[in-house]
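Listed here are the chains, written in short residue letters.
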Amino acid sequence: MQIRQIPAEERPGAMFDLAAYAFESSPWPEADKETYARRMPFYVTATGLVAEEDGQVLAAVTALAMRQNVRGVVHDMAGVASVVSHPSARRRGFVRQLLTRLLEQTREQGCVVSALYPFRPSFYGHFGYVGMPRVRTATFAPEGLAHLVRAELPGEVERLPFAAAFDEFDALTLRLLEERHGFAVFDETRTAEFRERTKRWVAIARSGGEVVGAVIYRIDEYGGDLIAEDLLTTGPLGRALLLQYFARHVDQVARVTMKIGADEVPDLWGTDFAVVTEGRTDYPKHGGPMVRLLSMTALNGLHTRADLGVTVEVIDDDLLGGRYRITGEAGTLTVEETKDEPQATLTCAGISALAYGVLDPVEVVLRGFGQVDAGAVETLGALFPKQMPYLFADF
Ligand SMILES: CC(C)(COP(=O)(O)OP(=O)(O)OC[C@H]1O[C@@H](n2cnc3c(N)ncnc32)[C@H](O)[C@@H]1OP(=O)(O)O)[C@@H](O)C(=O)NCCC(=O)NCCS
């Protein structure tokens, strides 16, 4: 078996059939491949690797060029997608070899973190990934927000077709990339494809001329559902403006469904507000995302409140393995290699869970991601307080 990197123009010939068989309903119409081929300009910055035997592609993986905020620092991120092998070639270790090569290569390209949506988390657990929360869905009748219908709020909402809203929407996501822990976006090349999205509205909330929120949505029918994508806001005013806008659909739609981050609590959006908030995960289609560090340097500069230090050893991982001194000082973390005795021994999933704020040190131990000396539990917890990340990008 040989591994080869392929350019975007080779993807339709080399990868399309494999991926379409794995992820689409099939057999698929012949035209689908042509449609895919037309999208290739948006994939020129993606890293595609294939495993070939006797000239036949038997497995493939891709990393999309993305960026992600981790505790206040925006890092280059490898968004792993299109992981697939031919049914006749499964369980021969091809995907393991491809993924290992992909993570090494994307790290060489400068990515210090990686994320993906797993078909089954235990599979990616072998590669050092740890789970982060899946978006929740809030479902409510607009009547529940009646208190907002006539409220005087300092701002307004404009409805635009997606293409017309694209620049403002994109600018808002780039602002949230700087401000929101876990938030991830594609690079410009891949993002440009979304400009062509049709059949979607965008509600843009502005206050004092500044965009403070946006939601992509569609309406299925009169008296039916308003189906919204992620509620993106810079704060409570943006959220209130967008909820007011949806409240004004009271005699038009029966229900609003909207995706929200795990730190949103819709039951507190109003008095007498009836809402169902669901966080459902199932596999292979609705897994929560997973993340990992590709380099310990990803910890440099992360925001922390603790002025403390701890020595950790990272084990069982070719990219991260080693001993490190992690220090919090004047609001940020620094990391450097050390020869000192470690106070905690962590797997890649363990240190990644702490960096991303999804598990505290005790949970890291209980989940089997390492051992922490009793005296270091508090220090690690203070350096890496729990903080729920919100990935946003779906890939
Ligand atoms: C998932 C898929 C890519 C796995 O491919 P594969 O060629 O069988 O993978 P490998 O042989 O390289 O297996 C790598 C390791 O994962 C293990 N593994 C494979 N499938 C697994 C599963 N479903 N659950 C848990 N572990 C699994 C293998 O045993 C192997 O472990 P080992 O190296 O310790 O023996 C393949 O089954 C596939 O194409 N499925 C359909 C598409 C899909 O779901 N892709 C993933 C999208 S996120």
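Residues numbered from 1 in each chain as written. Predicted model: local features only at pLDDT ≥ 70, side-chain atom pairs only at ≥ 80, totals over all residues. Heavy atoms only, no water.

Going by the annotation in an unreviewed UniProt entry, the name recorded for the protein chain is N-acetyltransferase domain-containing protein, with Winogradskya consettensis given as the source organism.

The next subject is the domain arrangement of the protein chain. Partitioning the protein chain into structural domains gives domain 1 (2-116), domain 2 (136-278) and domain 3 (296-383). Spacing between the C-alpha centres of domain 2 and domain 3 amounts to 36 Å. (Domains from an automatic or database assignment.)

What follows concerns unusual backbone geometry. Following Ser26, the chain continues into Pro27 via a peptide bond in cis, with omega recorded as 0°. Along the chain, Tyr283 connects to Pro284 via a cis peptide bond; the corresponding omega equals 15°.

Turning next to the packing of helix α1 (residues 11-23) against helix α2 (residues 31-38). In the contact formed by α1 and α2, the axes pass within 10 Å of each other and the chain directions differ by 130°. In terms of orientation, α1 and α2 fall into the oblique class. Along this stretch, α1 crosses α2, giving a crossing that reads as right-handed. In this structure, α1 contributes Arg11, Pro12, Phe16 and Asp17 to the contact, and α2 contributes Asp32, Lys33, Tyr36 and Ala37. When the residues that make up the contact of α1 with α2 are grouped by side-chain class, the tally is four nonpolar, no polar and four charged. (Axes fitted to C-alpha atoms, helices over the stretch in contact; angles between N-to-C directions. Helix = DSSP H or I, 4+ residues; strand = E, 2+ residues; numbered from the N terminus. Parallel < 35°, antiparallel > 145°, perpendicular 65-115°, else oblique. Left-handed = near helix turned anticlockwise from the far one by under 90°. Contact = heavy atoms within 4.5 Å. Nonpolar A, V, L, I, M, F, W, Y, C, P; charged D, E, K, R; others polar.)

Turning to the environment of Val250, a few remarks are in order. Topologically, Val250 is positioned in the loop between α8 (236-247) and β14 (255-260). Considered as a pair, Val250 and Tyr36 are 214 residues apart in the sequence and their alpha carbons are 40 Å apart. Dropping the residues within four chain positions of it, Val250 is found in contact with Pro142 and Glu143.

In the vicinity of the ligand, 18 residues are found, and the nearest of them are Val83, Ser85, Arg91, Gly93 and Arg96. A distance of 3.3 Å separates an oxygen atom of the ligand from a polar atom in the side chain of Arg90. Interatomic distance of 3.5 Å between a side-chain N/O atom of Arg120 and a nitrogen atom of the ligand. Relative to its free-state accessible area of 920 Å², the ligand is covered by the protein chains to the extent of 76%. Among the secondary structure elements, those contributing two or more residues to the shell around the ligand are α1, β4 (73-85), α3 (94-108) and α4 (121-125). Residues belonging to the shell around the ligand are distributed by class as follows: 10 nonpolar, three polar and five charged. (Near = heavy atom within 4 Å. Polar contact = N/O pair within 3.5 Å; in protein donor to acceptor, adjacent residues only side chain to side chain. Areas by Shrake-Rupley, 256 points an atom, 1.4 Å probe, with all protein chains shown as cover.)

All right, on to the pairing of strand β3 (residues 56-70) then. For a regular strand, the rule is simple: side chains alternate between the two faces of the sheet. For β3, a buried count of 12 out of 15 residues is recorded, marking the element as mostly surrounded by other parts of the structure. Across seven bridges, the pairing between strand β2 (residues 47-53) and β3 is antiparallel. Residue pairing for β3: Thr47 is matched across the bridge by Ala63. Following β2, the chain reverses through two residues before pairing antiparallel with β3; Asp54 in that reversal takes a positive phi of roughly 50°. Relative to β4, β3 runs antiparallel, the two being bridged by 11 bridges. Note that in β4 the partner of Thr62 across the bridge is Ala81. Linking β3 to β4, which pair antiparallel, is a turn of two residues; within it Arg71 sits at a positive phi near 45°. In this structure, β3 lies alongside strand β9 (residues 184-186), joined through three bridges in antiparallel fashion. Among the inter-strand pairings, Met66 is bridged to a residue of β9, identified as Phe186. (Buried < 20%, exposed > 50% of the residue type's maximum accessible area, 1.4 Å probe, protein only. Pairing = 2+ DSSP bridges.)

The next thing to look at is a negative patch on the surface. On the surface, Glu24, Glu30, Asp32 and Glu34 cluster together into a negatively charged patch. Residue placement: Glu30 occurs in the loop between α1 and α2. (Patch = residues over 30% accessible without salt bridge, like charges linked within 9 Å, V, L, I, M, F, W, Y side chains within 5 Å. Salt bridge = Lys/Arg side-chain N within 4 Å of Asp/Glu carboxyl O. Lys, Arg positive; Asp, Glu negative; His and termini not counted. Charge placed at Lys NZ, Arg CZ, Asp CG, Glu CD.)

Our focus in this paragraph is the UniProt feature "domain: N-acetyltransferase" (unreviewed entry) in the protein chain. If you check UniProt for "domain: N-acetyltransferase" (unreviewed entry), the listed places come out as residues 1-152 in our numbering. Secondary structure across residues 1-152 divides into 30% helix and 34% strand, with the first and last C-alpha atoms of the span separated by 66 Å. (UniProt positions renumbered as here; feature names shortened; annotations may be inferred.)

Grouped together as the largest cluster of nonpolar side chains are 56 residues, with contacts concentrated most on Leu293, Met296, Leu299, Ile326 and Ile351. If you tally residues by element for this core, the top one is helix α9 (residues 348-355), at six residues. Setting aside residues no more than four positions away along its own chain, Ile351 makes contact with Leu293, Met296, Leu299, Val314, Leu320, Ile326 and Leu346. (Core = buried A, V, L, I, M, F, W, Y, C linked by side-chain atoms within 4.5 Å.)

Once that is clear, we can look at the sheet that holds strand β21 (residues 370-372). Strand-to-strand pairing in sheets goes through backbone hydrogen bonds, with the strands running parallel or antiparallel. Pairing in this open sheet of five strands is mixed, and the strands run β19-β18-β17-β20-β21 from one edge to the other. Either end of the sheet is taken by a strand with one partner, and the two such strands are β19 (332-337) and β21. The sheet shows a mean angle of 25° between the axes of neighbouring strands, direction not considered. Pairing of strand β17 (residues 309-314) with strand β18 (residues 322-329) involves six bridges; the strand directions are antiparallel.

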